[in-house]
Structure formats: structure tokens, C-alpha cells
Amino acid sequence: QVQLVESGGGLVQPGGSLRLSCVASTSIFSIYAMAWYRQAPGKQRELVANITSGGGGSTNYADSVKGRFTISRDNAKNTVYLQMSSLKPEDTAVYYCHADDLGWGLVEYWGQGTQVTVSS
């Protein structure tokens, strides 16, 4: 079992930056992939970015955040980060940390989420 705790959310102005953190209860090196999802009010949850454990961590980003967001990990701290820059109002959402433990979505874990609000 993996427990995930997100932090770092808050209110930021458009064009600003914010860094989210996700701390796992176990080594993220042993987890196949970590990811960030988000869900805005009235909208479907969407994948923002993910990172795999192998090969230093391959990454994937949603087109809407490509070039603005960066996912990274610190295996020693069991932590995954999402660095967000050039934030837009449409980035406003609850951001969730996700762990794909074994791959292929066979075993999944979710954090409780952290609110990100982009507004002037």
C-alpha cells in the first residue's frame, strides 16, 4: 500500500509560478510511475504529467501544459514535484498525485489533492 500526500497548492496570479509536492509513504523508485492529475470544477479529471522510475525517469505532459510545467522526482525523499510556471486561469483545479505501482494500472493510489487557484 502506498500513501500519497500533496502540498504546495494555493492562490497565484496569472503568469506566476507554483511548485507542488507529493510525498509517498514508500520508495518511489520501486513504483512504476508517478503522475499529476487535475480536475477543474465541472470538468473531467485529466492527466497533467507523469514520470517513470526507470532510466532516470521518462516524462510525458499534456499538450496544455507542455513547456510550462515540469515533473521531477527525488527518490531519496520519496517525493515527486510539479513545477508550474506561466500559470493561467485555466490551470485552476484540484491537483492530485497518482502512483501506478506495478504498471498497466493494475495497482493505483491517489492523494487527496491540493487546490491551485490562478486569479488576479
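On a predicted model such as this, the values are computed, not experimentally measured, just so you know. (Residues numbered from 1 in each chain as written. Predicted model: local features only at pLDDT ≥ 70, side-chain atom pairs only at ≥ 80, totals over all residues. Heavy atoms only, no water.)

Caption draft 1: Geometry of the overall build of the protein chain. Looking only at helices and strands, the protein chain has zero helices and 11 strands in total. Its helices and strands in sequence order give the protein chain the pattern β-β-β-β-β-β-β-β-β-β-β, from N to C terminus. On C-alpha atoms alone, the protein chain measures out to a radius of gyration of 13 Å, which is about the 14 Å that the 2.2 N^0.38 rule sets for 120 residues. Going through the 120 residues of the protein chain one by one, you find that 44% of them count as buried. Total accessible area on the protein chain stands at roughly 6400 Å², and carbon and sulfur atoms take up 48% of it. One way to put it: in the protein chain the 9 positive side-chain charges average out to a point 6 Å from where the 9 negative ones average out. (Helix = DSSP H or I, 4+ residues; strand = E, 2+ residues; numbered from the N terminus. Rg over C-alpha atoms; globule rule 2.2 N^0.38 Å. Buried < 20%, exposed > 50% of the residue type's maximum accessible area, 1.4 Å probe, protein only. Areas by Shrake-Rupley, 256 points an atom, 1.4 Å probe, with all protein chains shown as cover. Lys, Arg positive; Asp, Glu negative; His and termini not counted. Charge placed at Lys NZ, Arg CZ, Asp CG, Glu CD.)

Caption draft 2: Quick peek at the state of the cysteines. Tallied over the full model, the rule gives one disulfide. Disulfide pairing places C22 opposite C97 at an S-S distance of 2.0 Å. Across the S-S bond linking C22 and C97, the dihedral sits near -85°, which makes this disulfide left-handed. Of the two residues, C22 sits in strand 3 (residues 18-24) while C97 sits in strand 9 (residues 93-100), which places them 75 residues apart along the sequence. Given a relative accessible area of 0%, C97 falls into the buried group. (Disulfide = S-S within 2.5 Å.)

Caption draft 3: Focus on the pattern of salt bridges. Taken as a whole, this structure holds three salt bridges when the rule is applied. In this structure, R38 engages D91 in a salt bridge whose closest nitrogen and oxygen atoms are separated by 2.9 Å. You can see R38 sitting in strand 4 (residues 33-39) and its partner D91 sitting in the loop between strand 8 (79-84) and strand 9, a full 53 residues away along the chain. The pair R38 / D91 is uniform in exposure class, with both members buried. Among the salt bridges present, the one from D91 reaches R68, with a minimum N-O distance of 2.8 Å. Of the two residues, D91 sits in the loop between strand 8 and strand 9 while R68 sits in the loop between strand 6 (59-61) and strand 7 (69-74), which places them 23 residues apart along the sequence. (Salt bridge = Lys/Arg side-chain N within 4 Å of Asp/Glu carboxyl O.)

Caption draft 4: Representation of a nonpolar patch on the surface. On the surface, a nonpolar cluster with roughly 490 Å² of combined accessible area is contributed by L102, W104 and L106. Within the fold, L106 resides in the loop between strand 9 and strand 10 (108-110). (Patch = residues over 30% accessible without salt bridge, like charges linked within 9 Å, V, L, I, M, F, W, Y side chains within 5 Å.)

Caption draft 5: Quick peek at the sheet that holds strand 7. Spatial ordering of the open sheet is given by 1-3-8-7, a layout of four strands whose pairing is antiparallel. A strand with exactly one partner marks an edge of an open sheet, and here the two such strands are strand 1 (4-7) and strand 7. Averaged over neighbouring strand pairs, the angle between their axes works out to 15° when direction is ignored. Of the strand pairs in this sheet, strand 7 and strand 8 are connected by six bridges, and their pairing is antiparallel. When the sheet's bridge partners are listed, D74 is paired in strand 8 with T79. (Pairing = 2+ DSSP bridges. Axes fitted to C-alpha atoms, helices over the stretch in contact; angles between N-to-C directions.)

Caption draft 6: Structural context of the packing of aromatic side chains. This model, assessed by the stated rule, comprises one aromatic pair. Taking the ring centre of Y37 as reference, the NZ or CZ of R45 above it sits at 5.6 Å. (Phe/Tyr/Trp six-rings, centres within 6.5 Å; stacked < 30°, edge-to-face > 60°. Lys NZ or Arg CZ within 6 Å of the ring centre and 35° of its normal.)

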